[in-house]
Amino acid sequence: MLDDDRVRADTPGCVDGPGPGPVFLDSAGSSLPPRVVTETVIEHLRREAEIGGYRAANERLDDLADVKTAIGALINAEPESIALSDSATRSWADFFYSVPLAAGDRILVSEADYASNAIAALQRARATGATVEKIPSDGSGQIDLDALAALVDERVKLVSVLHAPTNGGLVNPAAEATRIAHSVGALVLLDACQSAGQLPLDVADLGVDALSATGRKWLRGPRGTGFLYLRPELARSMEPARLDLHSAEWTGPQDYRLAPGASRFEFWECDVAARLGLGAAVRYLLELGPEDVYAAIAARAEHLRKALPEIPGVTVRDLGIRHSGIVSFTVDGVDSVAVRDRLLAQDITVTVSHAGSTLLDMTGRGLASVVRASPHCFVGFDELDRFVAAVAALRA
Ligand SMILES: *Cc1c(COP(=O)(O)O)cnc(C)c1O
């Protein structure tokens with residue numbers, strides 16, 4: 001069991017005391033970091049100002065190396081299989097743009113796929129003559145595994161599996177989809193942006209070739225951080241689309257040599273303070289106990305999924321069989337943006353997910369937008385109830 005009091009005390013954004021404090025339900029957007037993350041970042045920025053960025057980084061080489069060790073411990077990977085970046089999209093694209101594609105090749109995307117992934121797939125399809133096709137969903141809304149099995153052939157070069165979409169509580173059967181993709185030799189790139197930090201991620205169980213995630217969402221790290229995991233064989237053999245003097249070594253007038261592991265997918269320059277902050281965030285999660293954190297998130301999301309449908313005119317829009325910590329809903333007669341803004345006026349933070357972020361899914365369901373409530377483990381049940389009461393009052 002998580003120590004709720006400790007978790008709240010560690011989170012400056014949580015306010016306890018007389019009167020209603022803020023209710024923060026946007027960990028799917030950009031979460032509230034624990035104090036140690038903010039302090040780590042600020043401390044490093046101060047040090048850079050004192051002695052310069054190079055010396056400051058040199059003082060923290062062990063901690064910088066530990067960022068990958070910590071991420072590896074969280075997802076069951078070796079640090080050599082992890083490349084750090086500045087966002088999930090950067091990491092996703094770093095891998096995707098490095099997959100060789102030719103005319104006639106097929107790229108499969110999930111129905112719940114994220115706009116940035118789909119746009120990149122469409123761009124490369126235009127440039128190479130490959131095609132982009134949607135993996136159908138089953139009656140529950142998750143990836144239809146039978147349809148996927150029927151869809152794949154040896155022309156499928158890459159399958160983009162969206163683990164937990166940005167616009168609702170669906171969790172796709174990533175390991176099963178990966179096995180099907182591998183049966184025809186396709187690569188699987190898993191968008192774990194909304195699962196990293198809130199659901200168990202074990203790359204050995206998942207079997208994926210690559211996985212991308214961001215720091216600022218459920219991991220509670222700083223903005224401008226993200227990472228890419230590559231299957232060890234790929235980390236050692238794949239040629240990234242772009243290189244610099246960190247991802248490769250200039251070995252002769254006509255020669256270069258790739259860095260030995262996944263760091264071939266990194267550039268030299270980075271926000272060192274943010275990176276250290278990401279390491280602190282992952283270490284904090286490991287120290288709390290990821291399983292306890294995941295259970296706390298699930299309990300809060302389930303609390304909302306029970307309470308919200310009891311409000312007349314409120315519809316929970318989550319798909320799938322297994323659910324994430326993202327609770328999506330609409331309110332009859334009240335536009336999603338108005339819902340967000342009226343809650344914000346009461347210091348309750350939720351976000352709106354518009355159709356453009358997950359176009360295939362949202363247009364398939366005829367939805368222009370949904371309201372997204374994403375409670376992390378630091379949110380109290382009393383706060384959830386305040387949120388539910390505020391939603392109930394919207395139509396009054
Ligand atoms: C937020 C999000 C992304 C993009 O993450 P960035 O760090 O902003 O690049 C990708 N996929 C999903 C499912 C997301 O929710």
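Residues numbered from 1 in each chain as written. Predicted model: local features only at pLDDT ≥ 70, side-chain atom pairs only at ≥ 80, totals over all residues. Heavy atoms only, no water.

- Per an unreviewed UniProt entry, the protein goes by Probable hercynylcysteine sulfoxide lyase and derives from Nocardia sputorum.
- Under the heading Catalytic activity (unreviewed entry), UniProt records this for the protein: "S-(hercyn-2-yl)-L-cysteine S-oxide + AH2 + H(+) = ergothioneine + pyruvate + A + NH4(+)".
- Quoted verbatim from the Pathway (unreviewed entry) field of UniProt, the annotation for the protein is "Amino-acid biosynthesis; ergothioneine biosynthesis." (UniProt positions renumbered as here; feature names shortened; annotations may be inferred.)

### What about the site of the ligand?
Piece 1. Contacts to the ligand come from Ser 87, Ala 88, Thr 89, Tyr 114, Ala 164, Thr 166, Asp 191, Cys 193, Gln 194, Thr 214, Arg 216 and Lys 217.
Piece 2. Contact distances for the ligand include 3.1 Å between an oxygen atom and a backbone N or O atom of Ala 88.
Piece 3. Contacts to the ligand include Arg 216, whose side-chain N or O atom sits 2.9 Å from an oxygen atom.
Piece 4. Class assignment for the residues of the shell around the ligand results in four nonpolar, five polar and three charged. (Near = heavy atom within 4 Å. Polar contact = N/O pair within 3.5 Å; in protein donor to acceptor, adjacent residues only side chain to side chain. Nonpolar A, V, L, I, M, F, W, Y, C, P; charged D, E, K, R; others polar.)

### Regarding the packing of helix α11 (residues 272-288) against helix α12 (residues 290-307)
The axes of two packed helices give the description: the angle between them and the distance between them.
Piece 1. At a closest axis distance of 5 Å, the pairing of α11 and α12 adopts a crossing angle of 90°. One way to sum up the angle between α11 and α12 is to call them roughly perpendicular. Between α11 and α12, the contacting residues are Leu 285, Leu 286 and Leu 288 on the first element and Pro 290, Asp 292 and Val 293 on the second.
Piece 2. Class assignment for the residues of the contact of α11 with α12 results in five nonpolar, no polar and one charged. (Axes fitted to C-alpha atoms, helices over the stretch in contact; angles between N-to-C directions. Helix = DSSP H or I, 4+ residues; strand = E, 2+ residues; numbered from the N terminus. Parallel < 35°, antiparallel > 145°, perpendicular 65-115°, else oblique. Contact = heavy atoms within 4.5 Å.)

### Some words on the pairing of strand β4 (residues 131-135)
Piece 1. For strand β3 (residues 106-110) and β4, the ladder comprises five bridges, and the chain directions are parallel. Paired with Ser 110 across the two strands is Ile 135, which belongs to β4.
Piece 2. In this view, the connection linking β3 to its parallel neighbour β4 by way of helix α6 (residues 115-128) has right-handed handedness. (Pairing = 2+ DSSP bridges. Right-handed = clockwise from strand over helix to strand, strands pointing away.)

### What about helix α4 (residues 61-75)?
Piece 1. A rise of 1.5 Å per residue sets the reference length of α4, with its 15 residues, at 21 Å; its end C-alpha atoms lie 22 Å apart and thus fit the reference within 8%.
Piece 2. Every buried residue belonging to α4 is among Leu 64, Val 67, Lys 68, Ala 70, Ile 71, Gly 72, Leu 74 and Ile 75, and all of these are buried.
Piece 3. Structurally, α4 contributes buried residues whose contacts are with α3 (53-59), β2 (82-85), α9 (203-206), β8 (226-230), α11 and α12. (Expected span 1.5 Å × (residues − 1). Buried < 20%, exposed > 50% of the residue type's maximum accessible area, 1.4 Å probe, protein only.)

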